[in-house]
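Listed below are the residues making up each chain.
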Amino acid sequence: MKSGSRLERILKSGRFALTGELGPPRGADADAVRVKARHLCGMVDAVNITDNQTAVVRMSSLGACLIAMREGLEPVYQMVCRDRNRIAMQSDILGAAALGVRNILCLSGDHQCFGDHPNCKKVFDLDSMQLISMVKAMRDEARFQGGAEITAPPRMFIGAAANPFAEPHAFRVMRLAKKIAAGADVVQTQCVYNMERFRAWMAQARDMGLTEKAYILAGVTPLKSLGMARYMQKNVPGMDVPDELIKRLQGVEKKDQAKEGITICCEQIQQLREMKGLAGIHLMAIEWEHRVPEIVQKAGLLPRPEPEPEQP
Amino acid sequence: MIKATIKPLEEIRSMLAPFRRVLTVGCGGCVSLCLAGGMKEARELNIKLRALQEQGSESVFDDITVERQCEQQFLAALDARVEKYDALISLACGAGVQFLAERFPAKPVFPGVNTQFVGITRDIGWYEERCKTCGDCVLGLTAGICPVTMCSKSLFNGPCGGPQDGHCEVDPDTSCAWIAIYERLQRQGRLDSIAHVMPARQWQGQIPGRILHPRYRDRYVQEDT
Ligand code: SF4
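About the criteria used
- Residues numbered from 1 in each chain as written.
- Chains lettered and ligands numbered in written order.
- Predicted model: local features only at pLDDT ≥ 70, side-chain atom pairs only at ≥ 80, totals over all residues.
- Heavy atoms only, no water.
- Helix = DSSP H or I, 4+ residues; strand = E, 2+ residues; numbered from the N terminus.
- Rg over C-alpha atoms; globule rule 2.2 N^0.38 Å.
- Buried < 20%, exposed > 50% of the residue type's maximum accessible area, 1.4 Å probe, protein only.
- Contact = heavy atoms within 4.5 Å.
- Areas by Shrake-Rupley, 256 points an atom, 1.4 Å probe, with all protein chains shown as cover.
- Lys, Arg positive; Asp, Glu negative; His and termini not counted.
- Charge placed at Lys NZ, Arg CZ, Asp CG, Glu CD.
- Near = heavy atom within 4 Å.
- Nonpolar A, V, L, I, M, F, W, Y, C, P; charged D, E, K, R; others polar.
- Pairing = 2+ DSSP bridges.
- Axes fitted to C-alpha atoms, helices over the stretch in contact; angles between N-to-C directions.
- Buried area = accessible area lost by both parts, 1.4 Å probe.
- Salt bridge = Lys/Arg side-chain N within 4 Å of Asp/Glu carboxyl O.
- Polar contact = N/O pair within 3.5 Å; in protein donor to acceptor, adjacent residues only side chain to side chain.
- Domains from an automatic or database assignment.
- Phe/Tyr/Trp six-rings, centres within 6.5 Å; stacked < 30°, edge-to-face > 60°.
- Lys NZ or Arg CZ within 6 Å of the ring centre and 35° of its normal.
- Parallel < 35°, antiparallel > 145°, perpendicular 65-115°, else oblique.
- Left-handed = near helix turned anticlockwise from the far one by under 90°.
- Core = buried A, V, L, I, M, F, W, Y, C linked by side-chain atoms within 4.5 Å.

What to know about the overall build of chain A
When its secondary structure is counted, chain A shows 12 helices and 8 strands. In summary, chain A has a C-alpha radius of gyration of 19 Å against a globular reference of 20 Å for 312 residues, a match within 12%. Seen through its C-alpha atoms, chain A measures out along the principal axes to roughly 60 × 45 × 40 Å. Looking at chain A as a whole, 58% of its 312 residues qualify as buried. At a minimum sequence separation of 6, the contacts of chain A that also span at least 24 residues come to 78%. Within the structure as shown, chain A displays about 12800 Å² of accessible surface, and the carbon and sulfur contribution to it stands at 52%. Averaging the positions of the 42 positive and the 36 negative side-chain charges in chain A gives two centres separated by 1 Å.

Encoded structure:
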């Protein structure tokens, strides 16, 4: 076992994994994290705790990871390259590992211009690929990026993100291969709405043997409304929302759109479960944590498996 | 070359407010080519400053332009002139301003331009940033397109998941550097140069006031003593 995390144990046992997402609050409000965490408890195998997503300042991922852990959730510590150099990153990784965090998700991060401090100094000392390599070397070689030895290496299950829908399309699987070569154990994708294109990307990944080397989790985000679907289609970079989905939401009354969104989401999960080589789902119910139990129930993903404890 | 833009007149005026006799020092180097700090701009600035003077003010705004403010020999031409001024305003890049201030440590020296970047001249007045002077050039691997300067997140292993129609996710008016790198390498049949993970950079130039070829310095210092 690389980390012994629950997520790793579930994936290793060959069971279909389900991870969730939790965005920390814009304040020092531990209860806000607890309330969200309780909705997710028992529903998912692990939860990504976002790191100042969209470059808007929030409670730190690590802080919220600990609160979530106390509520019985297994956190995935999200870390972006925008705000910290390699010294701060490595130190936070050691701190997280010492506190019992066993999963990390390595991301480049949204550019600061999207957030509420657009004129801050960006860091990007490393990019996501280099962050993955660094965590791997810390864990497997007990070596800091600078070369010195680590007395007690951090045991982390290393996560990465991939966008099968972004340009240049031909390069996307190559980039996935690079992330896996760098050390990603698990890769979660951008929200899948265009099944056809996702299927093609998965087939390429399988052909290159990548699904044997890392676990791939398909990103799924329920559409809460027609407005949200339109926004995702037009304004979110690298998102592919097909017109059929928009039409389908247009076809139902406004008050029923959320319900329809959940139905669509469950259908997507069904289709994804049948996809060869896919190891699980990453469910990103953005500010909709309280609807997760319903979705997971309807999608037939309950009960969540209880993995074997790690053999000492 | 280095590209600069002239500071807002109000800012310059407020820096100079306490001084009566001011010498504006233009620079004939990069800043003159990008029409920010050459002889013409030095004169224009003084015309504007004079026009803004209050009635009866006895302020003096003179100008002189040296070949380049980043070179000792050209600054020497100012030695005899600066004495009678209360303050100097330099229209050179940040390096020139500092060199001027170092030469005349008793005189207040103010910057008249904002130094912007190392860039190219696409056409007169149309300048684009190209280099962050990072000290460890990777252009050979990236098809002559700088990921440090041209990618919004300075990624070494791009493109990120965000480009849309060839544009950067950060700004639809900016093209995605990594799409361009990919396409040019593909055209040259060299995609393998980005097939491997580019390792973490060893950033250079973290110590201020670096010196190129310090052995020259040592030699000159020795000759002087
Ligand atoms: S879209 Fe392209 S230029 Fe913009 S941050 Fe991503 S890789 Fe860099």
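Some details on the overall build of chain B
Looking only at helices and strands, one finds 8 helices and 9 strands in chain B. Relative to the 2.2 N^0.38 estimate, which gives 17 Å for 225 residues, the radius of gyration of chain B is 22 Å and therefore markedly larger than a compact globule would have. Dimensions of chain B, computed from the C-alpha atoms along their principal axes, are close to 70 × 50 × 25 Å. Within chain B, the fraction of its 225 residues that count as buried is 40%. Contacts spanning at least 24 positions in sequence make up 57% of the contacts within chain B whose residues lie at least 6 apart. Looking at chain B as shown, the accessible area adds up to about 12900 Å², and 53% of this sits on carbon and sulfur atoms.

What about the site of the ligand?
For the ligand, the full set of nearby residues is Cys151, Ser152, Lys153, Leu155, Pro159, Cys160, Pro163, Cys168, Glu169, Cys176, Ala177 and Trp178 of chain B. For the shell around the ligand, the per-class residue count stands at 9 nonpolar, 1 polar and 2 charged.

Regarding helix H6 (residues 172-182) of chain A
All names here are of chain A. Within H6, 9 of the 11 residues are buried, which leaves it mostly tucked inside the rest of the structure. Every buried residue of H6 is accounted for by Arg172, Val173, Arg175, Leu176, Ala177, Lys178, Lys179, Ile180 and Ala182. At its buried positions, H6 is contacted by helix H5 (128-140), strand S5 (157-162), strand S6 (186-191), helix H7 (195-207), helix H8 (210-213) and strand S7 (215-220). Looking at the residues trailing H6, positive phi occurs at glycine 183, about 135°.

Things to note about the sheet that holds S5 of chain A
Residue and element names in this part refer to chain A. Read once around its circumference, the closed barrel built from 8 strands follows the order S1-S2-S3-S4-S5-S6-S7-S8, with strand pairing classed as parallel. Here the average twist between neighbouring strands, direction ignored, is 25°. Pairing geometry for S6 and S7, over 4 bridges, is parallel. Each residue of the ladder has a partner; that of valine 186, found in S7, is tyrosine 215. This element, helix H4 (residues 86-98), spans strand S3 (75-80) and strand S4 (103-107) of the sheet and lies at about 175° to S3.

Overview of the interface of chain B and chain A
Each side of the interface is counted separately: chain B has 31 residues, and chain A has 29 residues. Roughly 2400 Å² is buried in total at the junction of chain B and chain A, and carbon and sulfur atoms are behind 53% of that figure. Contact with chain A buries surface across chain B, with Lys153, Asn157 and Tyr182 of chain B losing the most and accounting together for 22% of the total. Our count for the contact surface shared by chain B and chain A stands at 0 salt bridges. At the boundary of chain B with chain A, the tally comes to 20 residue pairs in polar contact (both at pLDDT 80 or more). Classifying every residue of the side of chain B that touches chain A by side-chain character gives 17 nonpolar, 10 polar and 4 charged.

Some thoughts on the domain arrangement of chain B
Here the domain parsing of chain B yields domain 1 (2-117) and domain 2 (132-208). A straight line from the C-alpha centre of domain 1 of chain B to that of domain 2 of chain B covers 37 Å.

Here's the deal with the packing of aromatic side chains
Residue and element names in this part refer to chain B. Tallying each qualifying case throughout the model produces 6 aromatic pairs over all chains. Taking the ring centre of tyrosine 85 as reference, the NZ or CZ of arginine 21 above it sits at 5.9 Å. The ring of tryptophan 203 has arginine 201 lying over it, and the distance from NZ or CZ to the ring centre is 4.7 Å.

Brief notes about the packing of helix H1 (residues 9-16) of chain B against helix H3 (residues 39-51) of chain B
Residue and element names in this part refer to chain B. The interhelical angle for the contact between H1 and H3, taken along N-to-C directions, is 70°, at an axis separation of 11 Å. The angle between H1 and H3 falls in the class roughly perpendicular. Seen from H1, the contacting residues are Leu9, Ile12, Arg13 and Leu16; seen from H3, they are Leu45, Lys48 and Leu49.

Regarding the packing of helix H2 (residues 30-40) of chain A against helix H3 (residues 61-70) of chain A
The relative placement of two packed helices is expressed as an angle between their axes plus a distance between the axes. Residues and elements named next belong to chain A. Two numbers describe how H2 lies on H3: the axes approach to 9 Å, and their chain directions differ by 50°. Our classification of the angle between H2 and H3 gives oblique. Like other packed secondary-structure pairs, H2 and H3 cross with a definite hand, here right-handed. Contacts from Ala30, Val33, Arg34 and Ala37 of H2 reach H3 at Ala64, Ile67 and Ala68.

Some details on the pattern of salt bridges
All names here are of chain A. For the structure on display, the rule yields 36 salt bridges over all chains. Here aspartate 140 ties to lysine 136 by a salt bridge, and the two come within 2.9 Å at their closest N and O atoms. With aspartate 140 and lysine 136 both in helix H5, this residue pair falls 4 residues apart, about one helical turn. The partly exposed category is assigned to aspartate 140, whose relative accessible area is 41%.

Quick word on the nonpolar core
Among the nonpolar cores identified, the biggest contains 77 residues, and Leu176, Phe198, Leu272 and Leu278 of chain A are the most heavily contacted of them. Discounting residues that sit within four places of it in the chain, leucine 176 of chain A has contacts with Ala162, Val187, Trp201, Ala205, Leu210 and Ile216 of chain A. Counting 20 residues, the second largest nonpolar core, distinct from the first, contains Ile12, Val31, Ala36 and Ile89 of chain B.

Observations concerning the sheet that holds strand S7 (residues 126-131) of chain B
All names here are of chain B. Strand order in this open sheet of 3 strands is S1-S6-S7, and the pairing throughout is antiparallel. Each end of this open sheet is capped by a strand with a single partner; those strands are strand S1 (2-6) and S7. Sheet twist, expressed as the mean angle between neighbouring strand axes with direction ignored, is 70°.

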